[in-house]
Amino acid sequence: MQRLFAARSVCAAISTGKRHCASFSTALLFDDTQIQFKESVSQFAQQNIAPHAAKIDQTNYFPQEVNLWKLMGEFSLHGITAPEEYGGLGLGYLYHCIAMEEISRASGSVGLSYGAHSNLCINQLVRNGNPAQKQKYLPKLISGEHVGALAMSEPNAGSDVVSMKCKADRVDGGYVINGNKMWCTNGPVAQTLVVYAKTDVTAGSKGITAFIIEKGMPGFSTAQKLDKLGMRGSDTCELVFDNCFVPEENVLGQEGKGVYVMMSGLDLERLVLASGPLGLMQACLDVVLPYVRQREQFGRPIGEFQFIQGKIADMYTSLQSSRSYVYSVARDCDNGKVNPKVPLNLNFLFLAFLGYLYFFFFVPSIILQILVCLLIFEFYYIFSCLVIFNSFCKLKFIIIW
Amino acid sequence: MKIMVAIKRVVDYAVKIRVKPDKTGVETQNVKMSMNPFCEIALEEALRIKESGLASEVVAVSMGTAQCVDTLRTGLAMGADRGIHVEATGALYPLSVAKLLKALVEVEKPGLLILGKQAIDDDCNQTGQMVAGLLGWPQGTFASKVVLDKENQVATVDREVDGGLETLSLDLPAVITTDLRLNQPRYATLPNIMKAKSKAIKKFTPQELNVEIKSDLEVVQVTEPPKRKAGVVVSSVDELLDKLKNEAHVI
């Protein structure tokens, strides 16, 4: 009977391209409910998202025949940290990280878009929105009917995001925004966007205000979708603001206090998005483990050779240690012990994130991708070292983005 | 009407089975366990009947070691209202399970008892039939369709049999065992997983139910089937006949 089911699953795997899932030890990381939660999301992601993963990366689009946003919304995945009155689950960052990991395991692109939607947009609204704003925007975002996005970076403001040039001028009843935002994930498809602009150009970081922008607002448009080397399918584009009027009630938080919204959000965003590479690492193991048992050279499965065993042991160890770190930080955040400096250490994991950002199995230009990812790795390694050094020595605060 | 569903914790269907070195059984240490797929189908059917308004409560039952509670929690997360765990160590063969189920039925008094047709670890296909016999209830096994008529207290069951489909009409209370094509089980949704934490699981022991666990069966040895040998190309019909007669011994 076991073989009947195994045969069925193998046939299903071959026809849908589903990967065999390797199991791993989570005994000390999660309690029973969290393990159940993880398995449930894993099953959902493997059955509903993984079959589309290869096509998403090839075509650089989300699938047309199935609405993944709505599917994930129906499975209550978007509003994990949102209150139940808006359709959320009212849980903490630990659960959000679990969901992010399992979705990224099925497809990195979908995971990235999901993270931008559920954490960058939804969670920012949950943390900083007033009741009217939450009531207006959260229900549709959480159900998956609307897609959310966040925009802070500009063509000339990346790591030094506080130097942004996008201006918001005070007018009667609201503000008029002029400027550009770059690299906005979900930009092409989002209905609701959190955008940061300078209301006071002379005040440096204290002149930034966060706004809620709606698709269709006159003066707001999206420019070309970016054709990325990796994480394809996670729509990214440039946002253009040309005398875009934003009403008073769309200010998120308070005027001039946008930098607090941004920085506190970034800390938690790094935590949740750090689970993305965990999922990607797990996906690598899922493929590698059965392969080293099947592939034979010199008359034996290659998994019997010590060098390969060493590599796999390294992969497993780095995955488990990264996982332990991410989830213990998540647990601390849930228990209210949010040290803004600690999550910055997760930039190390962001290295893996960016390293994997351009890593995709089946594309022939894999050598090119690996070279690119190594370059990015190098760059961000240096940067992260500076940040971590600064966080401990309390010198000038460097912002990473 | 209450529905009772019996669920079993088995080795996950996707796991590659290994026989223990001492040949007393299959390796279950550090192996992924989950709910028997046919039991999932049984639970799904019970939940659908409840959602259509024909039943008031779904009670999930599992028997075995303390880890059965995990499987019960999954059942509760799928939507069952309550769980019952009969704590028993050691091997539980179908007749013992049937006797325990009979005792529980006498306590809970459900109108319908639904089970999977067989478990994927032992493939016995006996428990449902035995418990129906012990209770003196009608049984509809290998069900591929179940329609309940609450007014007349009748269940119409389509059974998958060798010759095709057979339709039976059963007076309630009855025992139904489920086959593969009955339904597609639901996922445990995330809100339900959180709600399941607060649902009750009641514990019983075989002594409390006045059932003595003993077996007339003893597993002597478990071995792997012989490895499949490569095929042989024969050069003539005579050689084929010779091999069929003298090697394979089939003619």
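Values in this document were obtained by computation on a predicted structure and should not be read as measured data.

## Some words on the UniProt feature "domain: Electron transfer flavoprotein alpha/beta-subunit N-terminal" (unreviewed entry) in chain B
Argument step 1. Listed under "domain: Electron transfer flavoprotein alpha/beta-subunit N-terminal" (unreviewed entry) in the UniProt record, and renumbered for this structure, are residues 23-213 of chain B.
Argument step 2. Across residues 23-213 of chain B, helical content stands at 30% and strand content at 30%; the span's end C-alpha atoms are separated by 24 Å.

## Points about the pattern of salt bridges
Argument step 1. If you walk through the whole model with that rule in mind, you get 27 salt bridges over all chains.
Argument step 2. Between arginine 82 of chain B and glutamate 57 of chain B there is a salt bridge, and its shortest N-O distance comes to 2.7 Å. Here arginine 82 of chain B is found in strand 5 (residues 82-87), whereas its partner glutamate 57 of chain B is found in strand 4 (residues 57-64), with 25 residues between them in sequence.
Argument step 3. Judged by its relative accessible area of 22%, arginine 82 of chain B falls in the partly exposed class.
Argument step 4. Through salt bridges that share partners, Lys38, Glu101, Glu102, Arg105, Asp286 and Arg323 of chain A make up one connected network.

## Remarks on the packing of helix 2 (residues 32-48) of chain A against helix 3 (residues 50-59) of chain A
Residues and elements named next belong to chain A.
Argument step 1. Direction vectors running N to C along helix 2 and helix 3 enclose 50°, while the axes themselves pass 4 Å from each other. Put simply, helix 2 runs oblique to helix 3. Within the contact between the two elements, helix 2 uses Ala45, Gln46, Gln47 and Asn48 and helix 3 uses Ala50, Pro51 and His52.
Argument step 2. For the contact of helix 2 with helix 3, the per-class residue count stands at three nonpolar, four polar and no charged.

## Some remarks on the sheet that holds strand 9 (residues 164-171) of chain B
Note: strands within a sheet are paired through backbone hydrogen bonds, in either parallel or antiparallel orientation.
Residues and elements named next belong to chain B.
Argument step 1. With mixed pairing, the nine strands of this open sheet are ordered in space as 9-8-7-10-6-1-4-5-11. Of all strands in the sheet, those with a lone pairing partner are strand 9 and strand 11 (201-204), marking the two edges. The mean angle between the axes of side-by-side strands here comes to 30°, regardless of whether they run parallel or antiparallel.
Argument step 2. In terms of strand pairing, strand 4 meets strand 5 through six bridges, oriented parallel. Each bridged residue has a counterpart across the sheet, and for methionine 63 the counterpart in strand 5 is valine 86.
Argument step 3. Where helix 2 (residues 68-78) meets the sheet, its contacts fall on strand 4, strand 5 and strand 11, and the angle it forms with strand 5 comes to roughly 165°.
Argument step 4. In this fold helix 3 (residues 94-108) packs onto strand 1 (2-6), strand 4, strand 5, strand 6 (112-116) and strand 11, with an angle of close to 145° to the strand it touches most, strand 4.

## Re the packing of aromatic side chains
The geometry of an aromatic ring pair is captured by two quantities: the separation of the ring centres and the angle between the planes.
Argument step 1. Inspection of the entire model under this criterion finds nine aromatic pairs over all chains.
Argument step 2. Their ring planes at 75° and their centres at 4.7 Å tell us that phenylalanine 37 of chain A and tyrosine 95 of chain A sit as a pair that is edge-to-face. Here phenylalanine 37 of chain A is found in helix 2, whereas its partner tyrosine 95 of chain A is found in helix 5 (residues 93-106), with 58 residues between them in sequence.
Argument step 3. Among the residues examined, phenylalanine 37 of chain A registers a relative accessible area of 0% and is labelled buried.
Argument step 4. Given a relative accessible area of 8%, tyrosine 95 of chain A falls into the buried group.
Argument step 5. In this structure an aromatic cluster arises from ring pairing among Phe44 and Phe75 of chain A together with Tyr187 of chain B.

## Re the pairing of strand 4 of chain B
Residue and element names in this part refer to chain B.
Argument step 1. With eight of its eight residues buried, strand 4 lies for the most part within the structure.
Argument step 2. Every second residue of strand 4 is oriented toward a common face, with Glu57, Val59, Val61 and Met63 on one face and Val58, Ala60, Ser62 and Gly64 on the other, all of them buried.
Argument step 3. Bridge count for strand 1 against strand 4 is five bridges, and the pairing is parallel. Residue pairing in the sheet places alanine 6 in a bridge with valine 61 of strand 4.
Argument step 4. Viewed along the sheet, the connection from strand 4 through helix 2 into strand 5 turns out right-handed.

The rules behind the values
Residues numbered from 1 in each chain as written. Chains lettered and ligands numbered in written order. Predicted model: local features only at pLDDT ≥ 70, side-chain atom pairs only at ≥ 80, totals over all residues. Heavy atoms only, no water. UniProt positions renumbered as here; feature names shortened; annotations may be inferred. Helix = DSSP H or I, 4+ residues; strand = E, 2+ residues; numbered from the N terminus. Salt bridge = Lys/Arg side-chain N within 4 Å of Asp/Glu carboxyl O. Buried < 20%, exposed > 50% of the residue type's maximum accessible area, 1.4 Å probe, protein only. Axes fitted to C-alpha atoms, helices over the stretch in contact; angles between N-to-C directions. Parallel < 35°, antiparallel > 145°, perpendicular 65-115°, else oblique. Contact = heavy atoms within 4.5 Å. Nonpolar A, V, L, I, M, F, W, Y, C, P; charged D, E, K, R; others polar. Pairing = 2+ DSSP bridges. Phe/Tyr/Trp six-rings, centres within 6.5 Å; stacked < 30°, edge-to-face > 60°. Right-handed = clockwise from strand over helix to strand, strands pointing away.

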